[in-house]
Amino acid sequence: IGPSAINSSTTSIDVPDNTTGRNMFFKGDYIMIDQEAMLITAIKLDTSSGAFTVERGALGTTAEEHAANSKIYKYTYGPSHSGYGGVEQIEADVDR
């Protein structure tokens, strides 16, 4: 998360065009920020801006506030690039 924190009810997370790894996330992916899982329900990416629309508190986690500069990680169920399920080291810094 970029220069601004997000509160526990925010469902749109801004993803600027210079975000490293932003094209590695897709609708239907689960992401992790701190200890909260979120489901990406929509993605808008263009050359200057973008956003993930998310369902908060997925997979039995609790929606919570996240500090500025928190990382977003892709969460996988099955085999990952490392051969194990869980949190992938695909990360993005995003703005809110």
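Residues numbered from 1 in each chain as written. Predicted model: local features only at pLDDT ≥ 70, side-chain atom pairs only at ≥ 80, totals over all residues. Heavy atoms only, no water.

## Structural notes on the overall build of the protein chain
Then step 1. Counting secondary structure elements, the protein chain contains zero helices and six strands.
Then step 2. N-terminal to C-terminal, the α/β element order of the protein chain is β-β-β-β-β-β.
Then step 3. Out of the 96 residues belonging to the protein chain, those deemed buried represent 38%.
Then step 4. Relative to all contacts within the protein chain whose residues are 6 or more apart in sequence, the contacts with residues 24 or more apart total 58%.
Then step 5. Accessible surface for the protein chain amounts to roughly 5200 Å². Of this, 49% is attributable to carbon and sulfur atoms. (Helix = DSSP H or I, 4+ residues; strand = E, 2+ residues; numbered from the N terminus. Buried < 20%, exposed > 50% of the residue type's maximum accessible area, 1.4 Å probe, protein only. Contact = heavy atoms within 4.5 Å. Areas by Shrake-Rupley, 256 points an atom, 1.4 Å probe, with all protein chains shown as cover.)

## Topic: the pairing of strand S4 (residues 50-58)
Then step 1. Direction of pairing for strand S1 (residues 12-14) relative to S4: antiparallel, over a ladder of three bridges. Across the sheet, Ser12 pairs through a bridge with Thr53, a residue of S4.
Then step 2. Of the strand pairs in this sheet, strand S3 (residues 36-45) and S4 are connected by seven bridges, and their pairing is antiparallel. Within S4, the residue paired with Leu39 across the bridge is Glu55. (Pairing = 2+ DSSP bridges.)

## Focus on the pairing of strand S2 (residues 30-33)
Then step 1. In this structure, S2 lies alongside S3, joined through four bridges in antiparallel fashion. Within the sheet, the bridge partner assigned to Met32 lies in S3 and is Ala37.
Then step 2. What sits between S2 and S3 in their antiparallel hairpin is a turn of two residues, with Asp34 showing a positive phi close to 55°.

## Comments concerning the nonpolar core
Then step 1. Counting residues in hydrophobic clusters, the biggest one holds 11 residues: Ile6, Ile13, Val15, Phe25, Ile31, Ile33, Met38, Ile40, Phe52, Val54 and Ile72.
Then step 2. Those elements that provide at least two residues to this core are S2, S3 and S4.
Then step 3. Non-local contacts of Val54, meaning those with residues more than four positions away in its chain, are made with Thr10, Thr11, Ile13, Ile31, Met38, Leu39, Ile40 and Thr41. (Core = buried A, V, L, I, M, F, W, Y, C linked by side-chain atoms within 4.5 Å.)

## Section: unusual backbone geometry
Then step 1. Even without a glycine there, the phi angle at Asp34 is positive, about 55°.
Then step 2. With respect to the secondary-structure elements, Asp34 resides in the loop between S2 and S3.
Then step 3. Phi at Leu59 is positive, roughly 55°, even though this residue is not glycine.
Then step 4. Along the chain, Leu59 turns up in the loop between S4 and strand S5 (72-76).
Then step 5. Taking relative accessible area as the criterion, Leu59 reaches 40% and is therefore assigned partly exposed.

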